[in-house]
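So you can see what is in the structure, the chains are spelled out below.
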Amino acid sequence: MYLMLALGVVTLVMAYLGYHLSITPAKSRRSKFIYRAVFIVSGLISLVLIGIQGHQADQSEMETRVARQDARASQERLHATMDQLGTQTGEIQRNESEIKRVQGLNTELQNKLLDQSGQLMDSSKQITDLSKQAIDVTTGGNSFCFMYLSPQFSSKGLTPTFERMGREPLYDIHVQIVDIEKFDELEKQSQSIGRSLPFFNEANLFMSIGNMRPGSAYYPGQYGQIVLRGDSTVHNFNAYFDARNGDWNQTIQLRKVGNEWIQATRVWRWTGKKDILMFQQIPKEFPGVPDWPPLQLKPKKSNPKH
């Protein structure tokens, strides 16, 4: 910018000197020398300025060329970067697809593991149930039997008949039948003489029933006949059972109505903490309410001092 102004100024000076000399020529040698010197200096200055301007133009052109090359290189790098970015974007998309595929496979695997875990749990439960069933079949499970005093087999007394209840068979059944009235009578005699009587077994009847399969019953015939004494219309019996699956108890209360004995019965089992009522039967013809002892249906509370 300043170089062009200086060149313009020199050009104006030379133009003015040329115009001035054309109108008023130099007369003295000294004036001519000065004019020539001014022209020569102005011409040299003009050449120098033109040279500088040309050099600057060349330098500017070179800088422009370098800038264009840099711009072209930058553009090429930009294209390369864009291509790389597109490649990376494609890889990211492929990676996302791969991640989704792996997540899907992981979910499928987890579902299969859950299914297999559920199947294992079901199989374990089935094995446990089968084991329990096998143990129940071997021991008797929750099955039990109870006694019914039947008048059909004897005209002088009653014959115990045993009926099994439950799904599993019973093994090695034994029962002790106690005539409560006879036992109380013998106990009073023993207290009156001050010593125990050797014939307390007269109030007890011991029987070995053996095994009972599902749907079966047992009666001992004449061997197990119970003779009722006197004209009493009330008779009470306790039966204590034991078998391979544990022990249980039964209370039988007989009441004579007309010529027929009506009997109410209750079966329960002591678990060590409470009584469990297993079976109870009170016919509608039974007079009044049975006066059997109450059951302990709630667990005993432990003594906090012990």
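Residues numbered from 1 in each chain as written. Predicted model: local features only at pLDDT ≥ 70, side-chain atom pairs only at ≥ 80, totals over all residues. Heavy atoms only, no water.

Draft legend 1. Quick peek at the overall build of the protein. Of regular secondary structure, the protein possesses 3 helices and 10 strands. Helices and strands appear in the protein in the N-to-C order α-α-β-β-β-α-β-β-β-β-β-β-β. Taken over 306 residues, the protein has a buried fraction of 27%. Sequence-distant contacts in the protein: of pairs separated by 6 or more residues, those separated by 24 or more amount to 56%. Element-wise, carbon and sulfur atoms account for 57% of the exposed surface of the protein, whose accessible area totals about 21,800 Å². (Helix = DSSP H or I, 4+ residues; strand = E, 2+ residues; numbered from the N terminus. Buried < 20%, exposed > 50% of the residue type's maximum accessible area, 1.4 Å probe, protein only. Contact = heavy atoms within 4.5 Å. Areas by Shrake-Rupley, 256 points an atom, 1.4 Å probe, with all protein chains shown as cover.)

Draft legend 2. Spatial organisation of the nonpolar core. Counting residues in each nonpolar core, the largest one holds 27 residues, and the members touching the most others are Ile177 and Phe241. Of all elements in the fold, only strand 1 (144–150), strand 2 (157–165), strand 3 (170–179), strand 4 (204–212), strand 7 (234–243), strand 8 (246–257) and strand 9 (260–270) reach the threshold of two or more residues within this core. In terms of residue count, the dominant contributor to this core is strand 1 (5 residues). Not counting chain neighbours up to four residues away, the residues in contact with Ile177 comprise Met147, Pro160, Phe162, Ala203, Asn204, Leu205, Met207, Ile226, Phe237, Asn238 and Ala239. (Core = buried A, V, L, I, M, F, W, Y, C linked by side-chain atoms within 4.5 Å.)

Draft legend 3. Spatial organisation of the sheet that holds strand 7. Taken together, the 6 strands give an open sheet; going across it, the order is 4-3-7-8-9-10, and neighbouring strands pair in antiparallel fashion. In this open sheet, the two edge strands, each paired with only one partner strand, are strand 4 and strand 10 (275–281). When the angles between neighbouring strand axes are averaged without regard to direction, this sheet yields 20 degrees. Summarising the sheet, strand 7 and strand 8 pair through 10 bridges and their orientation is antiparallel. When the sheet's bridge partners are listed, Asn236 is paired in strand 8 with Gln253. (Pairing = 2+ DSSP bridges. Axes fitted to C-alpha atoms, helices over the stretch in contact; angles between N-to-C directions.)

Draft legend 4. The arrangement of a nonpolar patch on the surface in detail. A cluster of nonpolar side chains, contributed by Ile40, Leu44 and Leu47, occupies part of the molecular surface with about 320 Å² of accessible area. Judged by its relative accessible area of 53%, Ile40 falls in the exposed class. (Patch = residues over 30% accessible without salt bridge, like charges linked within 9 Å, V, L, I, M, F, W, Y side chains within 5 Å. Salt bridge = Lys/Arg side-chain N within 4 Å of Asp/Glu carboxyl O.)

Draft legend 5. Representation of the packing of aromatic side chains. Per the stated rule, a full pass over the model turns up 4 aromatic pairs. When the centroid spacing of 4.6 Å and the interplanar angle of 25 degrees are considered together, the rings of Phe146 and Phe279 count as stacked. With a gap of 133 residues between them, Phe146 in strand 1 and Phe279 in strand 10 connect regions that are remote in the sequence. Here the two residues Phe146 and Phe279 agree in accessibility, since each one is buried. (Phe/Tyr/Trp six-rings, centres within 6.5 Å; stacked < 30°, edge-to-face > 60°.)

Draft legend 6. Representation of the confidence of the model for the protein. Per-chain confidence: the protein averages 79 in pLDDT, with 79% of residues scoring 70 or above. Note that pLDDT drops below 50 for residues 302–306; the model gives that stretch 0 contacts with residues more than four away or on any other chain. (pLDDT = per-residue confidence, 0-100.)

Draft legend 7. Region of interest: the pattern of salt bridges. According to the stated counting rule, one finds 4 salt bridges in the structure shown. Arg167 is paired through a salt bridge with Glu168; the nearest N and O atoms lie 3.8 Å apart. For Arg167, a relative accessible area of 71% gives the class exposed. Between Arg255 and Asp291 there is a salt bridge, and its shortest N-O distance comes to 3.5 Å. Separated by 36 residues along the polypeptide, Arg255 in strand 8 and Asp291 in the segment after strand 10 bring together distant segments of the chain.

Draft legend 8. The arrangement of the side chain of Arg164 in detail. Within the secondary structure, Arg164 sits in strand 2. Salt bridges are absent for the buried Arg164, whose nearest opposite-charge side chain, Glu168, sits at 6.2 Å. Within polar-contact distance, the side chain of Arg164 engages the backbone oxygen of Gly166 at 2.5 Å. At 3.2 Å, the side chain of Arg164 and the backbone oxygen of Arg213 are in polar contact. Excluding residues that lie within four positions of it along the chain, Arg164 makes contacts with Ser143, Phe144, Cys145, Leu170, Met212, Arg213, Pro214, Gly215 and Ser216. (Lys, Arg positive; Asp, Glu negative; His and termini not counted. Polar contact = N/O pair within 3.5 Å; in protein donor to acceptor, adjacent residues only side chain to side chain.)

Draft legend 9. Highlighting unusual backbone geometry. For Asp172, which is not glycine, the phi torsion reads 55 degrees and is therefore positive. If you trace the backbone, Asp172 turns up in strand 3.

Draft legend 10. How the structure looks around the pairing of strand 9. Here strand 9 lies mainly inside the structure; 9 of its 11 residues are buried. Sheet analysis places strand 8 next to strand 9, joined by 9 bridges and oriented antiparallel. From the neighbouring strand, Thr251 faces strand 9, where its bridge partner is Arg266. Where strand 8 hands over to strand 9, the hairpin turn is made up of 2 residues, of which Gly258 adopts a positive phi near 70 degrees.

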